Amino acid sequence: MMIKPKNPLKNNRGLASVEATVLLVLFVSMIYYSFGFFGIVHTAILHNIHARTYVYETFRHRTNLMYFRENRGAQFHYYPMMTRLHGINTDTQVAGQQIATERPISMGLQLEASGRQANVHNQDVFDRVPAGARNTSVDVNPVWIMVLYGICLNSSCGGG
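Here we summarise the structure given alongside this text. (Residues numbered from 1 in each chain as written. Predicted model: local features only at pLDDT ≥ 70, side-chain atom pairs only at ≥ 80, totals over all residues. Heavy atoms only, no water.)

**Re the overall build of the protein**
The helix and strand inventory of the protein stands at 2 helices and 4 strands. Its helices and strands in sequence order give the protein the pattern α-β-β-α-β-β, from N to C terminus. Of all 160 residues assigned to the protein, the portion counted as buried reaches 19%. (Helix = DSSP H or I, 4+ residues; strand = E, 2+ residues; numbered from the N terminus. Buried < 20%, exposed > 50% of the residue type's maximum accessible area, 1.4 Å probe, protein only.)

**Regarding helix α1 (residues 15–59)**
Its 45 residues place the ends of α1 66 Å apart at the C-alpha level, agreeing with the 66 Å of an ideal helix rising 1.5 Å per residue. Inspection of α1 places Gly36, Gly39, Ile40, Thr43, His47, Ala51, Val55, Thr58 and Phe59 among the buried residues, and these make up the whole buried set. Considering only its buried residues, α1 is in contact with β1 (83–87), β2 (101–103), β3 (143–145) and β4 (148–152). The positive-phi residue at the C-terminal boundary of α1 is histidine 61, with phi of around 55°. (Expected span 1.5 Å × (residues − 1). Contact = heavy atoms within 4.5 Å.)

**Considering helix α2 (residues 118–128)**
Listed as buried for α2 are Val120, His121 and Asp124. All buried residues of α2 fall inside an arc of 115° around its axis, so they share one side. Of the residues in α2, the exposed ones pointing more than 90 degrees away from the buried face are Asn122, Phe126 and Asp127. Close packing links the buried residues of α2 with β3. (Arc of directions from axis to C-beta.)

**Some details on the pairing of β1**
Across a regular strand the side chains alternate sides, sitting on one face of the sheet and then on the other. Side-chain alternation along β1 places Arg84 and His86 on a buried face and Thr83, Leu85 and Gly87 on a face that remains uncovered. In the sheet, β1 pairs with β4 via 5 bridges, with the strands oriented antiparallel. Counterpart to glycine 87 in the pairing with β4 is leucine 148. (Pairing = 2+ DSSP bridges.)

**Some details on the nonpolar core**
Counting 5 residues, the largest nonpolar core consists of Val55, Phe59, Leu65, Met66 and Leu153. With residues near it in sequence (within four places) discarded, phenylalanine 59 still touches Leu65, Arg84, His86 and Ile151. (Core = buried A, V, L, I, M, F, W, Y, C linked by side-chain atoms within 4.5 Å.)

**With respect to the side chain of threonine 101**
Relative to the helices and strands, threonine 101 is located in strand β2. Note on threonine 101: relative accessible area 1%, which makes it buried. When sequence neighbours within four positions are dropped, the list of residues in contact with threonine 101 reads Thr43, His47, Asn89, Thr90, Asp91, Val143, Trp144 and Ile145.

**Quick look at the pattern of salt bridges**
One pass over the structure, following the stated rule, counts 1 salt bridge. Put simply, arginine 60 and glutamate 57 hold a salt bridge, and the shortest N to O gap is 2.2 Å. According to the relative accessible area criterion, arginine 60 is partly exposed, its value standing at 43%. The partly exposed category is assigned to glutamate 57, whose relative accessible area is 45%. (Salt bridge = Lys/Arg side-chain N within 4 Å of Asp/Glu carboxyl O.)

**Observations concerning the environment of leucine 148**
Structurally, the position occupied by leucine 148 is in strand β4. Taking the relative accessible area as the measure of exposure, leucine 148 reaches 39% and is therefore partly exposed. Sequence spacing of leucine 148 and arginine 52 is 96 residues, and the spatial spacing of their C-alpha atoms is 8.3 Å.

**Observations concerning the environment of valine 55**
Tracing the chain through its elements places valine 55 in helix α1. Given a relative accessible area of 10%, valine 55 falls into the buried group. For the pair valine 55 and glycine 87, spaced 32 residues apart in sequence, the C-alpha separation works out to 8.5 Å. Each residue touching valine 55, except ones within four places of it in the same chain, is listed here: His86 and Tyr149.

Below, the structure is given as structure tokens:
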């Protein structure tokens, strides 16, 4: 009878703990991204509701939308722009500017910010990603969320 030497590589003891560790890391990272995307969608829905409510409140019972307030003595009016936009400002306070709200892609897991410049969000996403195609060239983190509702005050403000 020959006794075979034991090969430590063929030993299956302890493999379950290695597999469980890898799966735990995957599940935790999925939870981080799930919370991040939930925050993005939740913020977009709330901003949509608030911007729409603000539009309905300012347009209610108005016959002339050119003025900001009911009284005609108000200095600010919309004749030069020929459009009215209503939106929600960002959480950070910047006076006099409409800034997009930022939400990270993952909550709890610190990722490097990429594509945070205005030209990436406003132009590169539209120029480098064809319509209906999957984005593989533009990295964006954090996500910018800006919801605006508006109305044209004459037939030529939309450009067509």
